[in-house]
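Coordinate analysis (summary)
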Amino acid sequence: MRLSLSTSSNRSQFAVPSELKTSPQTYVHTRVTNSQPYKAKSRSVTAESRLRTKKHLVRLAREINNNGLADKITNCHSRIALLTCGRHVARMMPNHTCEFRLCPNCARRRARKHFNNYLPKVSGFVRTHRVTPVLLTLTQTHRAETLEHSVKRLMSAFRKLIRRGFWLEHFRGGTWSVEVTKGKDGLYHTHLHLLAFRSKFFDIKLLRSEWLAVTGDSVNLNLKPILEDVPGGLREVLKYIAKPLDIERFTAQNLRDFLGIKNMRFFGTFGEFRNFCADFVPSDNDKSELDGLARDLVEGCACPHCQEPLFEVRMSDNELPDFLRKIEESARSKSPPG
Ligand SMILES: [Zn+2]
Ligand SMILES: [Zn+2]
């Protein structure tokens, strides 16, 4: 009798009714959470992290005796000319760009270009199509397989998913980008990040069973509606263009694997949104929202942030993070409180 009582009290104390259990994958949990606003790190912090990534990449390239690649990356953004007022940086001009896909400096420029290109299209699509943009992350089980196979397996499941009746009934296309990380198990963990346009509400369990049907063994996905911050949502997906692989954790062999698949795409659009993009003509209003103005600035122009005159400073990539830190400090100390 006592035993049964204690068992039942244990149960009531520790067991959580299944309908209250939430995991990062459940819709109950994610639908009440706003989409994560894009958190801009300070320029000095990102410059530092890019420099670190660049040095790691150069080291890996030397390890696999690809000195041509190592030199190319070393030379990229090795000297930078800045236009500054002393408190803000209005423009950065590198001496050289290498265009290597994993180069953190070039990848960042590419991501920004994509952002400027797709933001008017995404906003236009949402405005004209009665859809809710959602961030959807699709993941697959980890297997001992090559990088190329891991990406192909995921993309093949994704292509099957978006052809199915359930998907076509509830979504009207979107953008996708691939991210590859490396697990503690040493295996490639490949994810697909979508900015998808949902036209009809559904129970997340149904989407999960659809994903299981096309992968054969995966139910892991995460869906997060973008309630307000559409640019933030787009950045969230496009950041994987700037960082398709978590390079800092990669080994020489990982770089070798990546070089073997250089023609594979890591970003694209699909479905109705893809057709919409093909026909889209940005309005003057769209163009004015984008940050393309910096290109016209020269020494002596007024700083766009404070109207003080801009002057040019030149430095090496090694000196850049410290310089930016000083600029940020002086902007903080001289700006009015609040
Ligand atoms: Zn580069
Ligand atoms: Zn300024």
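This text gives an overview of the structure that appears in the document. Here the structure is a predicted model, which means the values were calculated and not measured. In this numbering scheme, every chain counts its residues from 1 along its sequence in written order. For this description, chains carry letters from A and ligands carry numbers from 1, given in the order in which they are written. Local features are withheld for residues below a pLDDT of 70 in this predicted model, meaning they are given only at 70 or higher, and side-chain atom pairs are given and counted only at 80 or more; totals for whole chains, interfaces and linings count all residues. Derived side-chain values reflect all non-hydrogen atoms in the structure, with water molecules and hydrogen atoms excluded from consideration.

Every helix listed is a DSSP run of H or I at least four residues long, and every strand listed is a run of E at least two residues long, numbered separately from the N terminus. Assigned secondary structure in the protein consists of 13 helices and 8 strands. Each residue gets one of three labels from its accessible area relative to the maximum for its type: buried under 20%, exposed over 50%, partly exposed in between, using a 1.4 Å probe on protein chains only. Burial statistics for the protein: of 338 residues in total, 46% are counted as buried. Put simply, 75% of the contacts in the protein that link residues at least 6 apart link residues at least 24 apart. As presented, the protein carries roughly 18500 Å² of accessible surface, and 52% of it is formed by carbon and sulfur atoms. The contact criterion used throughout is that any non-hydrogen atoms of two residues lie within 4.5 Å. Here the accessible surface of atoms and residues is derived via Shrake-Rupley with a 1.4 Å probe, and residues count as covered only by protein chains that are part of the display.

The next thing to look at is helix 4 (residues 67-75). Every buried residue of helix 4 is accounted for by Leu69, Ala70 and Ile73. One side of helix 4 carries all its buried residues, which in axial view fall inside an arc of 100°. In this structure, the buried residues of helix 4 make contact with helix 3 (43-63) and helix 10 (252-260). Histidine 77 lies just past helix 4 and shows a positive phi near 55°. Our arc is simply the arc of the directions from the helix axis toward the C-beta atoms.

Read across the sheet, 3 strands follow the order 2-1-8 without closing on themselves; strand pairing throughout is antiparallel. Each edge of the open sheet is held by one strand with a lone partner, namely strand 2 (89-94) and strand 8 (311-316). With strand direction ignored, the average angle separating the axes of adjacent strands in the sheet is 25°. Pairing between two strands is assigned when DSSP locates at least 2 bridges connecting them. The sheet contact formed by strand 1 (residues 79-84) and strand 2 spans 5 bridges and is antiparallel. Pairing of leucine 82 across the sheet is with methionine 92, part of strand 2. Only the stretch in contact is used when a helix axis is fitted, and all axes are lines through C-alpha atoms; the angle between N-to-C directions ranges over 0 to 180 degrees.

Next up on the list: the coordination of the zinc ion (ligand 2). Protein ligation of the zinc ion (ligand 2) involves Cys85 (SG), His88 (ND1), Cys303 (SG) and Cys306 (SG), the donor distances falling in the range 2.1 to 2.3 Å. Sodium, potassium and calcium take a 3.2 Å donor cutoff, other metals 2.8 Å, and in both cases only N, O and S atoms count; water is not among them, so sites may look incomplete. Four donors are marked tetrahedral only if all angles between them lie between 85 and 135 degrees, whereas four are marked square planar and six octahedral if opposite donors are more than 155 degrees apart and the other angles lie between 65 and 115; the remainder are marked irregular. For the zinc ion (ligand 2), the 4 donor atoms are set out with angles of 100 to 115° between them, so the coordination reads as tetrahedral. Relative accessible area serves as the criterion here: at 14%, cysteine 85 is assigned to the buried category.

In this section: the coordination of the zinc ion (ligand 1). Within the protein, the zinc ion (ligand 1) binds to Cys76 (SG), Cys98 (SG), Cys103 (SG) and Cys106 (SG); these donor distances fall in the range 2.2 to 2.4 Å. Bound by 4 donor atoms, the zinc ion (ligand 1) shows angles of 102 to 115° at the metal and therefore tetrahedral coordination geometry. Mapping the donors of the zinc ion (ligand 1) onto the primary sequence yields the spacing C-x21-C-x4-C-x2-C. Highlighted residues: cysteine 76 in the loop between helix 4 and strand 1 and cysteine 98 in the loop between strand 2 and helix 5 (104-129), separated in sequence by 22 residues. The class of cysteine 98 is buried, set by a relative accessible area of 8%.

Side chains of a nonpolar character, in soluble globular proteins, are inclined to be buried together. What is meant by a nonpolar core is a set of buried Ala, Val, Leu, Ile, Met, Phe, Trp, Tyr and Cys residues, joined one to another through side-chain atoms within 4.5 Å. Membership of the largest hydrophobic core comes to 52 residues, with the highest contact counts inside it found for Phe100, Trp167, Leu194 and Leu207. When residues in this core are grouped by element, the largest group, 7 residues, is from helix 6 (residues 147-161). When residues no more than four places from it in sequence are discounted, the contact partners of tryptophan 167 are Leu136, Leu161, Ile162, Leu194, Ala196, Leu207 and Phe270. In this structure, Val122, Leu234, Phe267 and Phe276 belong to the second largest nonpolar core, which totals 21 residues.

Where like charges cluster on the molecular surface, the positive patch consists of Arg159, Lys160, Arg163, Arg265 and Arg274. Here arginine 274 is to be found in helix 11 (residues 271-279). Patch membership requires over 30% relative accessible area and the absence of a salt bridge. Like charges are linked within 9 Å, and nonpolar side chains (Val, Leu, Ile, Met, Phe, Trp, Tyr) within 5 Å. The term salt bridge refers to a pairing of a side-chain nitrogen on Lys or Arg with a carboxyl oxygen on Asp or Glu at a separation within 4 Å. Here the positive residues are Lys and Arg and the negative ones are Asp and Glu; neither His nor the chain ends is included. To locate a charge, the coordinates of NZ of Lys, CZ of Arg, CG of Asp or CD of Glu are taken.

Taken in spatial order, the 5 strands make up an open sheet running 6-3-5-4-7, and their pairing is antiparallel. The outermost strands of the open sheet, each flanked by one partner alone, are strand 6 (221-225) and strand 7 (267-270). Within this sheet the neighbouring strands show an average axis-to-axis angle of 20°, counted without direction. Of the strand pairs in this sheet, strand 3 (residues 132-139) and strand 6 are connected by 5 bridges, and their pairing is antiparallel. Bridging across to strand 6, leucine 135 finds its partner in lysine 224. Sitting on the sheet, helix 6 is in contact with strand 3, strand 4 (171-182), strand 5 (188-198) and strand 7, with an inclination near 25° to strand 5.

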